[in-house]
Structures are given as structure tokens and as C-alpha cells.
Amino acid sequence: MALFKKNTTAYSIDNIILPEHVGIIMDGNGRWAKKRGLPRSAGHSAGANNFRKIIRYCSDIGIKYLTMYAFSTENWKRPNDEVTALMKLFKQYLEEALRDFQDDTIKLRFIGDITAFSKEIQDLMYEAVEGSKNRDGMVLNLAMNYGGRDEIVMATKTIAQKLKNGEITAEDIDEKMISDNIYTAGQPDPDLIIRPSGEYRTSNFLLWQSAYSEYVIMDKLWPDFTKEDMNYALIEYAKRNRRFGGV
Ligand code: IPE
Ligand code: IPE
Ligand code: MG
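How each quantity is defined
- Residues numbered from 1 in each chain as written.
- Chains lettered and ligands numbered in written order.
- Predicted model: local features only at pLDDT ≥ 70, side-chain atom pairs only at ≥ 80, totals over all residues.
- Heavy atoms only, no water.
- Helix = DSSP H or I, 4+ residues; strand = E, 2+ residues; numbered from the N terminus.
- Rg over C-alpha atoms; globule rule 2.2 N^0.38 Å.
- Buried < 20%, exposed > 50% of the residue type's maximum accessible area, 1.4 Å probe, protein only.
- Contact = heavy atoms within 4.5 Å.
- Areas by Shrake-Rupley, 256 points an atom, 1.4 Å probe, with all protein chains shown as cover.
- Near = heavy atom within 4 Å.
- Polar contact = N/O pair within 3.5 Å; in protein donor to acceptor, adjacent residues only side chain to side chain.
- Nonpolar A, V, L, I, M, F, W, Y, C, P; charged D, E, K, R; others polar.
- Expected span 1.5 Å × (residues − 1).
- Phe/Tyr/Trp six-rings, centres within 6.5 Å; stacked < 30°, edge-to-face > 60°.

A.B. asks: Describe in detail the overall build of the protein, supporting the description with residues and values.
C.D. replies: The number of helices and strands found in the protein is seven helices and six strands. Ordered by position from the N terminus, the helices and strands of the protein form the series β-α-α-β-α-β-α-β-α-α-β-β-α. Over its C-alpha atoms the protein spans a radius of gyration of 19 Å, differing by no more than 12% from the 18 Å that the globule rule assigns to 247 residues. Reported as C-alpha extents along the three principal axes, the dimensions of the protein are approximately 55 × 50 × 40 Å. The buried share among the 247 residues of the protein stands at 47%. Long-range contacts, defined here as pairs at least 24 residues apart, represent 75% of the contacts in the protein between residues at least 6 apart. In the form shown here, the protein has an accessible surface area of approximately 13000 Å², with 50% of it arising from carbon and sulfur atoms.

A.B. asks: Describe the site of ligand 1, with residues and values.
C.D. replies: Every one of the 13 residues lining ligand 1 counts as a neighbour, but Asp27, Gly30, Arg31, Arg40 and Arg78 are closest to it. Asn29 places a main-chain nitrogen or oxygen 3.1 Å from an oxygen atom of ligand 1. A total of 380 Å² of accessible area belongs to ligand 1 in isolation, and the protein chains cover 88% of it. Elements with a contribution of two residues or more to the shell around ligand 1: α1 (29-35), α2 (40-61) and α3 (80-99). Grouping the amino acids of the shell around ligand 1 by side-chain chemistry returns three nonpolar, five polar and five charged.

A.B. asks: Describe the side chain of His21, naming the residues involved and giving the relevant values.
C.D. replies: Its location among the elements puts His21 in strand β1 (residues 21-25). Note on His21: relative accessible area 1%, which makes it buried. Side-chain polar atoms of His21 contact the side chain of Thr67, separated by 2.7 Å. With sequence-adjacent residues up to four places away left out, His21 is seen in contact with Tyr65, Leu66, Thr67, Asn141, Gln187, Pro188, Asp189, Pro190, Asp191 and Leu192.

A.B. asks: Explain α2 to me, using residue names and the numbers behind them.
C.D. replies: Over its 22 residues, α2 runs 31 Å from end to end, which matches the ideal 32 Å to within 8%, given 1.5 Å per residue. What α2 keeps buried is the set Gly43, His44, Ala46, Gly47, Ala48, Asn50, Phe51, Ile54, Ile55, Tyr57, Cys58 and Ser59. Turning to α2, the residues buried within the fold contact β1, α1, β2 (65-72), α3, β4 (139-146) and α7 (227-239). Just downstream of α2 lies Gly62, where phi reads positive at about 100 degrees.

A.B. asks: Tell me what's going on with the packing of aromatic side chains, and back it up with residues and numbers.
C.D. replies: Applying the stated criterion across every chain, the model contains 13 aromatic pairs. Note on Phe71 and Phe90: the rings are 6.0 Å apart at their centroids and 85 degrees apart in plane angle, and the pair reads as edge-to-face. On the criterion of sequence distance, the pair formed by Phe71 in strand β2 and Phe90 in helix α3 is long-range, its members being 19 residues apart. Judged by its relative accessible area of 11%, Phe90 falls in the buried class.

Below is the structure:
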């Protein structure tokens, strides 16, 4: 039951039906740096460069939605200097994205509670979203201060307020209403979630949306994750038999 585009049995990136929405948990920067005797921040720099490469590749091969987990609601627990280094990298990327805006086709979105970031970063985020909103290329969701639980709490509050205002009744609440009130409203659920670094957990990523996502866990640290690794994950996905609870 492989997802082939045409009548063939050869697994290659050109023959398979690609997932519409891919999520990537960019994990392993710290271990990558440690292995080289470098500070964790050097791992984050290498990870940020790899992020640039992989988003471009996904856009080139025709992925429609890509969600990249960059910073979780739990990552604030890290030492101050590490959080500061990450904020500097976010700022650099946003400035660069704005500079290269003319010839880009990627539509940038943010998922997560961005009010926690500095005004400077929030302004850049706003500018990047506004400036790219009319593009028709790949939608890139950057998960920043994102937590799946936090997202469900936010949606619950929005819905509770509507109930309180008398706009809806309790009976109106259904799965669609939750999906319509989370950050990814209007987007398809992720078909494939890739976690490099070999950890077998979600770490609070897309909890609601991933009910039937296919997971590919890879024993590669994020800065070492290549286009070939991406192809491997896509082919692995194409081999899966998605049943969605059916037979
Ligand atoms: C992922 O790499 C980057 C962020 C969470 C921001 P880590 O920093 O978690 O790297 P490891 O897991 O410690 O190796
Ligand atoms: C998940 O990685 C968050 C991101 C990659 C942004 P973590 O390194 O924070 O997750 P745990 O602590 O290993 O679960
Ligand atoms: Mg980690």
C-alpha cells in the first residue's frame, strides 16, 4: 500500500506521493556541540544553518506545509546564556528573511505564544508574516514558544469566552471547533513528523494535530541532518499503511 505516484515499485523521491504537511522537531544541537567540545550555542548556530538548508529543500521538492519546532514553552528553563544565544539566532534569521523577501515564495507563519518574546523580535515576526502573506509557496510554520498543551488551553479559553458571551452552546463544541481555534487553524494536520536525535517522545509538539501523524525517529543530530535524511524519512512515510482506525 505504498504511496506511489505512478506504476512502479522503486522507492525514490520522484516516485512517491509526498506528505502534504511535515513537522520536524529540530533536536540534538547541544549534543552535536558537546561531541566537538564546543559550547551549546555553537550547536544552535549549526542547527540554524541547517534549518535554512532544509526549509529550502522542502520548498523545492514541493512540500506544501512545513512546521519546524524551534523553541518550546519548556525551553525557557535553560540557562540564561543559552536562551540569549537562541534569541540572537532568531533575530538574525528574521532579519535575513526580511532582507531576502523579494525573491522568496515561502509564506512564513508563527505558532506559539509570541507575546513572550521581546518587542523587537515580535515586530520582526509581524513584518515577516505580513510581508509574506500573499505568497503562494510553501507555508512555513515556525513553532516559537510553542507547547501543544498551552495551545489547547488557549483554544479552550477562546471557546469558553464564546460560550460566556452566548455566541455558542456547549453542544456546539466539537473537534472541528477545537481545530479551528488552535494556531494551525485552516491547515491540514501533519502527515509526517520527523524527530532527529533519536528521542522517542513528542516533547509537547502538535499534540492535537498529530493524532494520526506518522512518526519517523532518526538517530542523527539536527545539525547533521541532510537532504538525504529528509528523503529517507519521506520514503519511510510512503511505505507506511495509514489506517486512521479503519481496516
Ligand atoms: C534543539 O537542540 C534546539 C532547541 C531545543 C532550541 P537541543 O538544544 O535540545 O539539543 P540536545 O537535545 O541538548 O542535544
Ligand atoms: C524539543 O526538544 C523542542 C525543540 C526541538 C524546540 P527538547 O530538547 O526541548 O526536548 P526534550 O527536553 O528532549 O524532551
Ligand atoms: Mg533536546
